[in-house]
Amino acid sequence: MDKRMRVLNALNKEEVDHVPVGFWFHFAGEEAVGDACVKAHLRYYRETDLDFVKIMCDNYFPYPLPEIKSASNWKSLIPLDKDHPFIREQVERAKAVVRDIGSERCVFYNVFAPFSSLRFGAEAVGLSDADVMAQIREDKNAVMHALDIIGQTNALLAEKLIVEAGCDGVYYCVQGGEHDRFTAEEYRALITPSDLYVLEHANRFSGNNIIHMCGWAGNRNQLSLWQDYPAKAVNWAVHVEGLNLEKGRYFMGGRTVLGGFETHWDEHTQQGILYTGSKEELQEYTRNLILNYGKTGLMLGGDCTVDAKLDWERIRWVVEAARSI
């Protein structure tokens, strides 16, 4: 069974020869842009022999925003068109990766939900997270307008990534579900419509999209907010949320799950057996994940991105163990 069939079968809960494995990290410096970024992705995925590619949207986290001096300024946003560099350059990156490696293995591209794009864009124009939350309280209609506009842009990006670049789907990252940010009712009223706009648009063009419920910085989320979001596979922060793969399978409605490895890191620490275990420990952990869960409807990966400083040999140990069963 080749890597493409292995991943597509896993996504569709069909028989696989081995459980597919995928990890990713953020590229920095010259490797975050242009041809160097494409080459860095290809080198990483070929040298680690991972089963699928997840292209990072590094250098495109911030949504292009005008100056935002007051909450009412959010009403000035208009959608970006297909030729805007924010869309065109990401599609070109994806197309180059797919052209080189897409016949070997499935390729997914990281797309953020509108609220995340808004927050990253706000930071780039000098607004803190606290500023954004204050403006939502001040004029929620203005911010919801901005979310709708960003949703239209991110939906177009997802469409172009799938249709034009040839990605098999998107890896759709939702954030903002922390317990102390919104009540469940507030989130569903303010944020959910834009979340679903992008995801449901992507689903029109691919049936193999993955949703990532991001436990960034170790913050727990109200996972029930995203429990019924329509995606073929689900990835959440197993170790942050305290919801293991077996229990999560039922919580997420029996869909294919992606994860199993703690990947939290910051400038001071690396947490999890992926970073700290010996080869024997890491491979035993990998095999036990598969034996406890079963080989159907499972893709092994991380809670989130891994530290870019991780020795790639450790990833190859996981791949080797997964293919031993």
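Residues numbered from 1 in each chain as written. Predicted model: local features only at pLDDT ≥ 70, side-chain atom pairs only at ≥ 80, totals over all residues. Heavy atoms only, no water.

With that settled, the discussion passes to the overall build of the protein chain. Looking only at helices and strands, the protein chain has 13 helices and seven strands in total. Computed over the C-alpha atoms, the radius of gyration of the protein chain is 19 Å, within 12% of the 20 Å expected from 2.2 N^0.38 for a compact globule of 325 residues. Long-range pairs, those at least 24 residues apart, make up 75% of the contacts in the protein chain between residues at least 6 apart in sequence. Looking at the protein chain as shown, the accessible area adds up to about 13,200 Å², and 49% of this sits on carbon and sulfur atoms. In the protein chain, which carries 35 positive and 47 negative side-chain charges, the distance between the mean positions of the two groups comes to 4 Å. (Helix = DSSP H or I, 4+ residues; strand = E, 2+ residues; numbered from the N terminus. Rg over C-alpha atoms; globule rule 2.2 N^0.38 Å. Contact = heavy atoms within 4.5 Å. Areas by Shrake-Rupley, 256 points an atom, 1.4 Å probe, with all protein chains shown as cover. Lys, Arg positive; Asp, Glu negative; His and termini not counted. Charge placed at Lys NZ, Arg CZ, Asp CG, Glu CD.)

So, on to the packing of aromatic side chains. For the coordinates displayed, the defined rule picks out 18 aromatic pairs. Considering the side-chain rings of phenylalanine 25 and phenylalanine 27, the 4.5 Å spacing of their centres and the 45 degrees angle between planes classify their relative orientation as tilted. The buried category is assigned to phenylalanine 25, whose relative accessible area is 7%. Exposure remark for phenylalanine 27: the relative accessible area of 6% places this residue in the buried category. With a centroid separation of 6.3 Å and an interplanar angle of 35 degrees, the aromatic rings of phenylalanine 25 and tryptophan 312 are classed as tilted. (Phe/Tyr/Trp six-rings, centres within 6.5 Å; stacked < 30°, edge-to-face > 60°. Buried < 20%, exposed > 50% of the residue type's maximum accessible area, 1.4 Å probe, protein only.)

Two measures define how a pair of helices packs: the angle their axes make with one another and the distance between the axes. One way to put it is that helix 3 (residues 85–101) packs onto helix 6 (residues 140–163) with a least axis distance of 10 Å and a crossing angle of 25 degrees. Viewed along their axes, helix 3 and helix 6 adopt a mutual orientation that is roughly parallel. Like other packed secondary-structure pairs, helix 3 and helix 6 cross with a definite hand, here right-handed. Taking contact as the criterion, the partners of Phe86, Ile87, Gln90, Val91 and Ala94 in helix 3 are, on helix 6, Thr153, Asn154, Leu156, Leu157, Lys160 and Leu161. (Axes fitted to C-alpha atoms, helices over the stretch in contact; angles between N-to-C directions. Parallel < 35°, antiparallel > 145°, perpendicular 65-115°, else oblique. Left-handed = near helix turned anticlockwise from the far one by under 90°.)

Bringing the pattern of salt bridges into the picture now. Here the structure, examined in full by the defined rule, presents 22 salt bridges. Aspartate 168 is the partner of arginine 4 in a salt bridge, and the nearest nitrogen-oxygen pair spans 2.7 Å. With arginine 4 in helix 1 (residues 3–11) and aspartate 168 in the loop between helix 6 and strand 3 (169–174), the pair connects residues that are 164 residues apart, well separated along the chain. Here lysine 39 and aspartate 35 are joined by a salt bridge, their closest N and O atoms 3.1 Å apart. Linking lysine 39 with aspartate 35, this pair stays in helix 2 (residues 34–48), spanning four residues, or about one helical turn. (Salt bridge = Lys/Arg side-chain N within 4 Å of Asp/Glu carboxyl O.)

Attention shifts here to the nonpolar core. Counting residues in hydrophobic clusters, the biggest one holds 113 residues, and the most contacted among them are Phe23, Tyr44, Trp74, Leu161, Met213, Trp236 and Leu300. Sorting elements by how many residues they give to this core places helix 6 first, with ten residues. (Core = buried A, V, L, I, M, F, W, Y, C linked by side-chain atoms within 4.5 Å.)

Inspection of the entire model under this criterion finds zero disulfides. Its sulfur unpaired, cysteine 37 is 10.0 Å from the next cysteine sulfur, which belongs to cysteine 57. Classification of cysteine 37 by relative accessible area gives buried; the value is 0%. In this structure cysteine 167 is a free cysteine whose sulfur lies 11 Å from that of cysteine 106, the closest cysteine sulfur available. (Disulfide = S-S within 2.5 Å.)

The next point concerns the environment of leucine 298. Relative to the helices and strands, leucine 298 is located in strand 7 (residues 298–302). With a relative accessible area of 0%, leucine 298 lands in the buried category. For the pair leucine 298 and asparagine 219, spaced 79 residues apart in sequence, the C-alpha separation works out to 24 Å. Not counting residues within four places of it along the chain, the set of residues in contact with leucine 298 comprises Ala10, Val19, Pro20, Leu245, Thr256, Val257, Leu289, Ile290 and Tyr293.

Let's shift gears to the pairing of strand 6 (residues 256–261). With six of six residues buried, strand 6 lies mostly within the body of the structure. In this sheet, strand 6 lies alongside strand 5 (residues 233–236) in parallel orientation, the contact comprising three bridges. Paired with asparagine 235 across the two strands is leucine 258, which belongs to strand 6. (Pairing = 2+ DSSP bridges.)

Here the phi dihedral of aspartate 49 falls at roughly 60 degrees; this positive angle occurs in a residue that is not glycine. Relative to the helices and strands, aspartate 49 is located in the loop between helix 2 and strand 1 (52–55). In this structure aspartate 49 comes out as partly exposed when scored by relative accessible area, which is 28%. Phi is positive for asparagine 59, which is not a glycine, with a value near 80 degrees. With respect to the secondary-structure elements, asparagine 59 resides in the loop between strand 1 and helix 3. With relative accessibility at 49%, the residue asparagine 59 sits in the partly exposed group.

Tracing the backbone shows leucine 80 in the loop between strand 1 and helix 3. Residue leucine 80 is classed as buried on the basis of its relative accessible area, which comes to 14%. In this structure, the C-alpha to C-alpha distance between leucine 80 and glutamine 152, residues 72 residues apart in sequence, is 8.2 Å. Beyond its immediate chain neighbours, meaning those up to four positions away, leucine 80 contacts Tyr63, Pro64, Phe86, Ile87, Thr153 and Leu156.

By themselves these figures say nothing about function.
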